[in-house]
Each structure stands twice: as structure tokens, then as C-alpha cells.
Amino acid sequence: MPVPEALTALAKILGDRLSRSKSDLDLHGRNETYFPFAPPDAVAYPETTEEVAAIARICAQHDCPMTGWGAGTSLEGHALPVRGGISVDFSRMNRVLQVNPQDMDCVVQPGVTREALNQELRATGLFFPVDPGANASLGGMACTRASGTTAVRYGTMRDNVLGLEAVLADGRVIRTGTRARKSAAGYDLTGLFVGAEGTLGLITELTLKLQGQPEAISAAVCAFDEIGPAVETVIETIQMGIPMARIEFVDAATAAAVNAYSGASFPEMPHLMVEFHGSEAGVAEQAESFGALVGEHGGHGFDWSSRPEDRNALWAMRHNAYYACLAARKGATALVTDLCVPISRLAEAVEETRADIAAATIPGPILGHVGDGNFHAILLVEPGNTAELDEAKALSHRMVERALRMGGTATGEHGIGMGKLGYMDKEHGAAWDVMGALKQALDPKDLMNPGKMVRQG
């Protein structure tokens, strides 16, 4: 492909914001997990929608691939430019453009991170609830349809993006959605772009739904002797309609890893971490109901706290669990896989997965956002050890097959990227071909994040 011609043209409009330095190429060719190094030919740093549109027009003219880059925290190789071309880094498009407190929404550029947005919102009494753990960019979170610890109450990015602006493969700029909370006008193009993993266009602006800060917040952690009772507690909590803001599960291996990494003192057994939001009376009632369920299922070490510093420490440990698990096997990399099943099949799915990993030769801690039937396995492998990577892939394959058999999905939040492309046909059937037709209509040259999401020719 005539990439050099594209780079020459791009340099004229971007100047030194088109980088070909080795450090920049190396950064944008790496990922959080096991996928091979795949650097771009250059990295573009746009500052406006107009510049992104100009980049797209030039790349379309020269058949040069474009891959969006947010914070680089995705886990299925989404942001790797596997066919070269341009990595479009949105770190300089990082402004909160508008906050509308009365309407409880805001407009942001895609490079704003979730932590930066919530810092900006502190004086308004509002917050943005989607929390995948990593301090990801909001554009990247939209592209992967991210969710995380609070999805059980506040939903995923699909539920919290009201509208967006995107640049298509030919440089056209479109707007989808409005600031209204509902619409019956036309196709839901917002929903189409949220979760498209950058294969249909580059998101340059987002209109997001906000939530009011709760009057009271209380968090707790409790231990169980076995996985089964812990997961059964989650299932009954959901079925009883107890309105949790978060409910997280970690197995014994994860608890041990967090202890070593964060200096915590969790008993080395399965744990639930839970948080409630609401009024003082409501939170107290919810906590009492949940505590009764924990007791019925043999949980113990029940420890509540309403102090912000204690709650923040608890969730910081949970968010760092991935890095804690990596540190538990020195020098390891990971195949991090996730699945999601109907809540009634959750205990069965977790138990079967735990038994599968116990019979393997590699460690694989389990944790997850079990309140919506989603959990993860961090399959730790030695870099360059082909046999271990093959074993990890086989374990992940059995997890996906199990989820699909139970009426679930190959991925609840990590997305497809490259790692789960092979499961799209089995999960979606003829609908996958419809996705390919949409891709062909909007990106006939396959320039937007090629090698991802749709059937490869």
C-alpha cells in the first residue's frame, strides 16, 4: 500500500504531530496482554474533528489503514494496527466541552479519561458511572462498549452514550443521537458505533448521560469457604431485587495475589465485594438484606464501611487485581478472557471454569462483575512459551463454548478485537454477515481498524 505518499501528505497538515519516532511506534504497537508487537507506520495526534476528517480523506485517497488509539488499555488487541498505516492517537483531544447539570449530561472529546471527567464534575454533584477499572479514555470505552464494576446498577457504555460525532472512512463527519433521553427518529446509529471497535469510523465527540452523587454509600467485603456459595449469594441478591451499585467476585488465588501486591490481609478464599448507593435509610436496609443472605450461604468475615478512604482502598485493590495477578507469576504475560451468561447459569459456569483451570498446568485466577453474569479468567503464561499459550487458548476456548451453550456470549465487556474473532460466526450466525455488509457500506476499502470485528476475506 502507498503509505509513504499518505505520510507525506499528512505531514503537511500535522507537522510534528505526525510522529515516526521509534518510541511512539513502539508504544502504539504494544498491548496489555499476549498479542504480538504490531507497530504502525506513523502516529497522528489530531486536536480537532476537522483534522481527523482531513486525516481520513488523505488515508482514503492513498488506501492507508487508520486505527484509533485511546489509552491502550483494551485486552483483545483492539488498538493494534495489524496492517500498518496510521495510529490516530486522541490524547490531545481531551477537553470536556460542555456540562449541563440541569439535564444531567455532558459533551466530551474522546481523549478525556473517565477519572478526568469525574474530577471535572466534582462541583456539580454529578458523576459518570461507568467504571471498567482502568483509567481508560471515554472514546475507547465507547468503542469497546465497556462496562465494569458499576454496570449492575448504571449499565454499560451502550446505556450511557446519548449521541456522538464520528468521522467516516471517506472523511465525512456525522452526528448521531441528540441530548434528548429518547428518540424514535431513524436507525440507532449511536448504538451501532458504540461497540464497533473503531471499524466503522473514528469517534471525535461524545454526549454522555450523568448520574447524581448518592446521599450515602456503603461498601463491604465478605469471605466464603467455597466458590459455589459465593456465587449463589450473588444470584439470590439479584433475584430478590436488592439494588446493588457493585458486586464483585474474586477467587482464592486472586485474594492471595492482591494480598502480596497491595499489602492487604484477605483470607485466601473466595470473596464478594459489594457497594450500595442511595439514602441513608435505603443503604442500611439493603446492607441488612444482603448480610442476611451472606449468613444463609455460610459467608463470614463480613466487614462494612461507609468511610470514603476505606471504600476507595477496597476498590483500588479490586481495580489493581489484574496487575496483582501478573505479579504473582514473575515475568508472566496473560491471556485475559471474559464471558457472560444468564444469571441463573452463573454458578455452574464459574464452577466448571474453576475445575477446568485446576486441571491445567498454568495458573488462572478468576474474578469478575458477577452481578450481571460476567466474569474473567487471567490465564498466566510465560512469554515465548508456545505450549503454555496454546493451553491458555484451549482453556479460553472451552470457556466460550460453555458460555454459548448456556445462552451467553463470548465476551461480556472486553470485546472481540482479534482474540475472539473466531467465535462471531457461532454466536451470531447470519447476523455476522449483516455486520459485514454494514462495514462494507461505510468502509468499502476496509481502512478503519482492519483485521477486527468482521469476517476476514
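What comes next concerns the included structure. Residue numbering note: each chain is counted from 1, following its sequence as written. With the structure being a predicted model, the display of local features is reserved for residues of pLDDT at least 70 and the display and counting of side-chain atom pairs for 80 or more, all residues being used for whole-chain, interface and lining totals. Each side-chain value is worked out from all heavy atoms of the structure, with water and hydrogens disregarded.

### A closer look at the overall build of the chain
Scanning the chain from terminus to terminus reveals 17 helices and 18 strands. Along the three orthogonal principal directions, the C-alpha set of the chain runs to about 65 × 55 × 45 Å. We call a residue buried when its accessible area falls under 20% of the maximum for its residue type, exposed when it is over 50%, and partly exposed in between, using a 1.4 Å probe and counting protein chains only. Counting over 457 residues, the chain shows a buried share of 56%. Working rule for contacts: check all heavy atoms of both residues, and any pair within 4.5 Å makes them a contact. A fraction of 71% describes how many contacts in the chain between residues 6 or more apart in sequence connect residues 24 or more apart. Accessible areas in this description were obtained via Shrake-Rupley with a 1.4 Å probe; residue shielding takes into account the shown protein chains only. Of the roughly 18,500 Å² of accessible surface on the chain, a fraction of 51% belongs to carbon and sulfur atoms. Only four residue types enter the tally: Lys and Arg on the positive side, Asp and Glu on the negative side, with His and both chain ends excluded. Here the site of a charge means NZ on Lys, CZ on Arg, CG on Asp, or CD on Glu. Placing the 38 positive and 56 negative side-chain charges of the chain at their respective mean positions leaves the two points 6 Å apart. Labels follow the DSSP assignment, with helices taken as runs of H or I lasting at least four residues and strands as runs of E lasting at least two, numbered in each case from the N terminus.

### Notes on helix H10 (residues 252–262)
Taken together, the buried positions of H10 are occupied by Thr 254, Ala 255, Ala 257, Val 258 and Asn 259. Those residues of H10 that are buried are in contact with strand S13 (246–250), strand S14 (271–278), helix H12 (308–319), helix H13 (321–328) and strand S17 (366–368).

### Let's talk about the packing of helix H9 (residues 227–239) against helix H11 (residues 280–296)
Running from N to C, H9 and H11 cross one another at 145 degrees; their axes reach a closest spacing of 9 Å. Classified by chirality, the crossing of H11 by H9 is right-handed. Listed contacts from H11 to Thr 233, Glu 236 and Thr 237 of H9 are Phe 290, Leu 293, Val 294 and Glu 296. Here the contact of H9 with H11 is composed, by residue class, of three nonpolar, two polar and two charged. Between N-to-C directions, angles span 0 to 180 degrees; the directions come from axes that are lines fitted to C-alpha atoms, helices contributing only their stretch in contact. Take the far helix as the reference: if the near one is turned anticlockwise from it by less than a right angle, the crossing is left-handed, and if turned clockwise, right-handed. Under this grouping Gly is polar, as are all residues other than the nonpolar Ala, Val, Leu, Ile, Met, Phe, Trp, Tyr, Cys and Pro and the charged Asp, Glu, Lys and Arg.

### Here we look at the pairing of strand S4 (residues 86–89)
Covered by surrounding structure in S4 are Ile 86 and Val 88 together with Ser 87 and Asp 89, the residues of both alternating faces. As paired elements, strand S2 (residues 42–44) and S4 share three bridges and run parallel to each other. Residue pairing in the sheet places Ala 42 in a bridge with Ile 86 of S4. Any two strands with at least two DSSP-identified bridges between them are counted as paired.

### With respect to the environment of Asn 135
The residue Asn 135 is located in the loop between strand S7 (126–127) and helix H5 (138–143) in this model. In this structure Asn 135 comes out as partly exposed when scored by relative accessible area, which is 30%. Separated by 204 residues in sequence, Asn 135 and Leu 339 place their C-alpha atoms 22 Å apart. Once residues within four sequence positions are removed from consideration, Asn 135 is found in contact with Ala 71, Thr 113, Arg 114 and Glu 115. For Asn 135, the side chain forms a polar contact with the side chain of Thr 113, separated by 3.3 Å. We call two N or O atoms a polar contact when they sit within 3.5 Å, provided that within protein one can donate a hydrogen and the other can accept it, with sequence-adjacent residues counted only if both atoms are side-chain atoms. At 3.1 Å, the side chain of Asn 135 and the backbone nitrogen of Glu 115 are in polar contact.

### Description of the nonpolar core
Think of a nonpolar core as a cluster: buried Ala, Val, Leu, Ile, Met, Phe, Trp, Tyr and Cys residues, connected wherever their side-chain atoms sit within 4.5 Å. Ranked by size, the top nonpolar core spans 46 residues in total, and within it Leu 272, Phe 276, Phe 290, Leu 346, Phe 375 and Leu 379 carry the most contacts. In this structure, Leu 346 is in contact with Val 231, Val 234, Ile 235, Val 341, Val 370, Gly 373 and Phe 375, ignoring residues within four places of it in sequence. In terms of nonpolar packing, the next biggest core, distinct from the first, is built from 27 residues, Val 130, Ala 146, Met 157 and Leu 168 among them.

### Describing the packing of H10 against H13
Relative orientation of the contacting elements H10 and H13 amounts to 90 degrees, with a least axis distance of 8 Å. Between H10 and H13, the angle is such that the two are roughly perpendicular. Facing H10, whose interface residues are Thr 254, Ala 257, Val 258 and Tyr 261, H13 presents Ala 321, Tyr 323, Ala 324, Cys 325, Ala 327 and Ala 328. Tallied by class, residues from the contact of H10 with H13 come to nine nonpolar, one polar and no charged. Here roughly perpendicular refers to angles of 65 to 115 degrees, roughly parallel to angles under 35, roughly antiparallel to angles over 145, and oblique to all remaining angles.

### Here's the deal with the sheet that holds strand S1 (residues 18–19)
Taken in spatial order, the four strands of this open sheet run S1-S2-S4-S3, and their pairing is mixed. Only two strands of the sheet have a single neighbouring strand rather than two, namely S1 and strand S3 (66–69). By the bridge criterion, four bridges tie S3 to S4 in an arrangement that is parallel. By the bridge assignment for S4, Thr 67 is matched with Ser 87. Where helix H3 (residues 49–61) meets the sheet, it contacts S2, S3 and S4, and its direction lies at approximately 150 degrees from that of S3.

### Structural notes on unusual backbone geometry
Backbone geometry follows two general trends: most residues other than glycine have a negative phi, and most peptide bonds adopt the trans configuration. Positive phi, close to 45 degrees, is recorded for Asn 449, a residue that is not glycine. Mapped onto the secondary structure, Asn 449 falls in the segment after helix H17 (430–442). For Met 453, which is not glycine, the phi torsion reads 70 degrees and is therefore positive. Summarising the element assignment, Met 453 is placed in the segment after H17. Look at Met 453 and you get buried, because its relative accessible area is 10%.

Just distances and angles here, no functional claims.
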